[in-house]
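# A look at the structure
Here is how the chains run, residue by residue.
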Amino acid sequence: MLAVALAAAVVVSGRGQAPAQPTTTTSTVWTVISTDGRRPMATTPSNGREMVTTDELGRVFGVEFREDPLTRGLSLTVQGKTIVISPTTGLASIGGRVVTLSTPPVRGERGWSLPMDVVDRALALVYQPRLDVRPATHLIVVGDTRVPRVQVRLENQPRLARVHFDVTPATPHTVVVEPGRIIVRFDATALDLELAAAGAPDLVLALRALPNTTAVAIDEGPRYGTYRVVEGAEGPTHRTTVELIAAETPATGQPAPATPGLPGQPTPGQPAPPGTPAPETKPVLGPEAPSIHTVVIDPGHGGDVDVEGVRGPGARGPAGTFEKHVTLTIARMLKSALEARLGVRALLTREDDRTVYLDERAAFANNNKADLFISLHLNASVSQKPSGAEVFFLSLDGYSPEARRVAQMEGAVLPSATGGDRTIEMMLWEMAQLQHLEQSAVVAGLVEQTLRSRVKMSPRAIQQAPFRVLVGANMPAVLVEVGFISNPDEEKLLGTHAYQLRLVDALVDAVGRYRTQLQSRRSAAPGPAPAAAPSTPPPAPRTP
Ligand SMILES: [Zn+2]
């Protein structure tokens, strides 16, 4: 960590800020932020202590100072309350309470100076609204002003740079792309910002606080190609990671590096200490062998209430079969089959008949570092005629009206990514799937092949559609409409164990083939094979 800066204020940072016994040899300017704006407050060193003059306290906080000839004390009056300080011991008395300052007051040429901790230890006890002193960034926040702590750190990897924003408390933010830079903007009054030194000049030229804003700019380096945003789990500290990915370079005789978007493995190593946010980021490039360790299966629908425009029970067949029950049955069978036959970890976004929001489904897969996401549904049409399975992957554009109808049935449809002057300013976790579309298409193709050899396919076997449930998935993801529940014959079939087994067989087969494809890339790639991941690590806790 290098510079300490405020988004909109110049802060000259002091050195050697130890919280317990601060010693300093330099003048420091603190920034006091309130709803009225910001004011600088200067401190000066005296015998290694950071001191503030009574004049300065008067100017910034309206403190009135006088020497009391009777008690020989120094008295500070603020907002009608008086603090009496002993000039010899540094003891301060506030309405009967006594606190100790780190050092006694000092009389200089220009009057009395008090140790800086007078603000935190004495003034804060009487001052309204509340004072929040933040020594690390020389900031004093007055009242309920929203000044989140934002720690920005750069992690450099081969062909990939991650810029982590750890934000306390979690604060709404947007990521906007401008020519040459990516801007993360926070909805706050000011930022209590700590910027790490940039260390990946190929991809990140600089990290900068934008003056007079609450935004941080990531200046793109010469090798920058594309980016994505990964949002961490909810908690008191929220982590947003912007990943900058190097542009493809022309072949130089070396085997091509893995394509961005290939599923990575969870990074091996020590578990994060308790209380640290669990980032959802995972390597998309680099030497880790791509494979399939975790598959998240998403049984469509669930519960009895309709949420986000999605029917809780899903579609209903003419004989009364509910989509939500069939998808759960198939999902459970698929989980057992994947675990038994491929040895992968398989997790369900719901284990029973209950409501799960669309965004929770993708978030669950992200939090569990899934390598593949399969959402299961049953199709329905107003006509009883259509039948057969259909496989979908995400598109924000270029889909048919029929595909749009299916997406509408399965949840909110996403806005088009192009057209007009629409800024890509949506909360960018939504776009996680965009990095994986190529691989999602590969998976969709394999699922279509393996289904076709076992069950009847619809004339539109593979399609793209703007599914909300897929867009947040940070891994290859497909949605399978395994058949038309609105077709009486197919409704009957879909309810039989034999037909369900055929569907499950096809899906396991597709996952197996996809894994083989990934691993054959690995054997073509140079470098030692990494140790195998544990076959069935316990699932990570679900975020609410
Ligand atoms: Zn559905």
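Residues numbered from 1 in each chain as written. Predicted model: local features only at pLDDT ≥ 70, side-chain atom pairs only at ≥ 80, totals over all residues. Heavy atoms only, no water.

## Brief notes about the overall build of the protein chain
To keep things clear, this is the line we draw: A run of DSSP states H or I qualifies as a helix once it reaches four residues; a run of E qualifies as a strand once it reaches two. Both are numbered from the N-terminal end. Here, residues are in contact when the closest pair of their heavy atoms is within 4.5 Å. For every accessible area listed, the method is Shrake-Rupley and the probe measures 1.4 Å; residues are considered covered only by the protein chains on display.
Across its full length, the protein chain carries 9 helices and 28 strands. For the protein chain, the share of sequence-separated contacts (at least 6 apart) that also reach a separation of at least 24 residues comes to 67%. Carbon together with sulfur atoms contributes 56% to the accessible area of the protein chain, which is approximately 23700 Å² in total.

## Quick notes on the sheet that holds strand 23 (residues 294-299)
The pairing of strands in a sheet comes from backbone hydrogen bonds and takes either a parallel or an antiparallel form. As a reminder of what qualifies: Note: two strands are recorded as paired if DSSP finds a minimum of 2 bridges between them. All axes are obtained by fitting lines to C-alpha atoms, using only the stretch in contact for helices, and the reported angles, taken between N-to-C directions, cover 0 to 180 degrees.
Taken in spatial order, the 6 strands of this open sheet run 24-23-25-28-26-27, and their pairing is mixed. Both outer strands of the open sheet, strand 24 (345-348) and strand 27 (457-465), are each paired with one neighbouring strand and no more. For this sheet, the mean angle separating the axes of adjacent strands, direction not counted, is 20 degrees. As paired elements, strand 23 and strand 24 share 4 bridges and run parallel to each other. Bridged to Thr-294 within strand 24 is Arg-345. Sitting on the sheet, helix 3 (residues 323-342) is in contact with strand 23, strand 24, strand 25 (372-379) and strand 28 (477-484), with an inclination near 145 degrees to strand 25. Packed on one face of the sheet, helix 5 (residues 401-409) meets strand 25, strand 26 (389-394), strand 27 and strand 28 and runs near 75 degrees to strand 27.

## Some words on empty space enclosed by the protein
Here the idea is plain: a probe the size of a water molecule rolls over the atoms and shows the empty space left. To be explicit about the condition: Cavities and pockets are found on a 1 Å grid laid over the protein atoms alone: a cavity is a set of points where a 1.4 Å probe fits but cannot escape, a pocket is an open set with protein on both sides within 12 Å along at least five of seven lines, and a lining residue has an atom within 4 Å of such a point. Grid points are joined across faces, edges and corners, and a volume is the space filled by probe spheres set on the points. Under the grouping applied here, Gly and all other residues not named as nonpolar or charged are polar, the nonpolar ones being Ala, Val, Leu, Ile, Met, Phe, Trp, Tyr, Cys and Pro and the charged ones Asp, Glu, Lys and Arg.
For the coordinates displayed, the defined rule picks out 2 cavities of 30 Å³ or more. Considering only enclosed or pocket space, the largest cavity measures out at about 100 Å³ in volume. Of the residues assigned to the lining of the largest cavity, the class counts are 7 nonpolar, 6 polar and 5 charged.

## Side note on helix 5
Using the following cut-off: Each residue is assigned to one of three classes by its accessible area relative to the maximum for its type, calculated with a 1.4 Å probe on protein chains only: buried under 20%, partly exposed between the two thresholds, exposed over 50%. Picture the helix axis, draw a direction to every C-beta atom, and the arc is the one those directions span.
Taken residue by residue, helix 5 has Ala-403, Val-406 and Ala-407 as its buried positions. Down the axis of helix 5, the buried side of the element spans an arc of 100 degrees, and every buried residue falls inside it. At its buried positions, helix 5 is contacted by strand 25, strand 26, strand 27 and strand 28. Looking one or two residues past helix 5, Gly-411 carries a phi angle of roughly 140 degrees, positive in sign.

## With respect to the coordination of the zinc ion
Metal coordination angles in their ideal form are 109.5 degrees for the four-donor tetrahedron and 90 or 180 degrees for the six-donor octahedron. To keep it simple, the criterion reads: Donor selection uses N, O and S atoms within 2.8 Å of the metal (3.2 Å for Na, K and Ca). Since no water is included, sites may look incomplete.
With distances of 2.0 to 2.4 Å, the protein atoms coordinating the zinc ion are His-301 (NE2), Glu-323 (OE), His-377 (ND1), Glu-410 (OE) and Glu-410 (OE). When the donors of the zinc ion are listed by position in the chain, the intervening gaps give H-x21-E-x53-H-x32-E. Residue His-301 is located in the loop between strand 23 and helix 3, and its partner Glu-323 is located in helix 3; the two are separated by 22 residues in the primary sequence. In terms of burial, His-301 and Glu-323 fall into one category: buried.

## A word on the environment of Arg-468
Tracing the chain through its elements places Arg-468 in helix 7 (residues 468-471). The exposure class assigned to Arg-468 is partly exposed, which follows from its relative accessible area of 21%. Residues Arg-468 and Leu-394, 74 residues apart in the sequence, show an inter-C-alpha distance of 8.6 Å.

## Overview of the side chain of Thr-54
Here Thr-54 lies in helix 1 (residues 54-61). If we skip the residues at most four places from it in the chain, Thr-54 touches Phe-65, Leu-76, Trp-112 and Leu-114.

## Some remarks on the nonpolar core
Selection criterion: What makes a nonpolar core is a set of buried Ala, Val, Leu, Ile, Met, Phe, Trp, Tyr and Cys residues whose side-chain atoms join them at distances within 4.5 Å.
In this structure, Val-295, Ile-297, Leu-338, Leu-376, Leu-451 and Val-480 are the most contacted members of the largest nonpolar core, which totals 47 residues. No other element matches the 10 residues that helix 9 (residues 497-524) contributes to this core. The contact partners of Val-295, leaving out residues within four places of it in the chain, are Leu-338, Val-344, Arg-345, Ala-346, Leu-347, Leu-372, Ile-374 and Val-511. Counting 30 residues, the second-largest nonpolar core is a separate cluster that includes Met-41, Ile-94, Met-116 and Leu-123.

## A word on the confidence of the model for the protein chain
As a reminder of what qualifies: Every residue carries a pLDDT, the predictor's confidence in it, which falls somewhere between 0 and 100.
This prediction gives the protein chain a mean pLDDT of 79; 79% of its residues lie at or above 70. A low-confidence stretch, residues 417-429 stays under pLDDT 50, and its non-local contacts, those more than four residues away or across chains, total 23 contacts.

## Quick look at the environment of Tyr-514
Within the secondary structure layout, Tyr-514 lies in helix 9. Taking the relative accessible area as the measure of exposure, Tyr-514 reaches 0% and is therefore buried. When the C-alpha positions of Tyr-514 and Ser-291 are compared, they lie 8.6 Å apart, and in sequence the two are 223 residues distant.

## Structural notes on the pattern of salt bridges
The test is simple: Note on definitions: salt bridges are taken to be side-chain nitrogens of Lys or Arg within 4 Å of carboxyl oxygens of Asp or Glu.
Using the criterion set out here, one finds 25 salt bridges in the structure. The residue Arg-239 makes a salt bridge to Asp-166 at a minimum N-O spacing of 2.7 Å. Taken as a pair, Arg-239 in strand 22 (residues 238-246) and Asp-166 in strand 15 (residues 160-168) lie far apart in primary sequence, 73 residues in all. The two residues Arg-239 and Asp-166 agree in class, both being buried. Arg-513 is paired through a salt bridge with Asp-509; the nearest N and O atoms lie 3.3 Å apart.

## Quick word on the environment of Val-478
Mapped onto the elements of the fold, Val-478 is located in strand 28. Residue Val-478 is classed as buried on the basis of its relative accessible area, which comes to 0%. Note: C-alpha distance between Val-478 and Phe-373 (105 residues apart in sequence) is 6.4 Å. Val-478 has contacts with Phe-373, Ile-374, Ser-375, Phe-392, Ser-440, Val-443, Ala-444 and Leu-470, leaving out every residue within four places of it along the chain.

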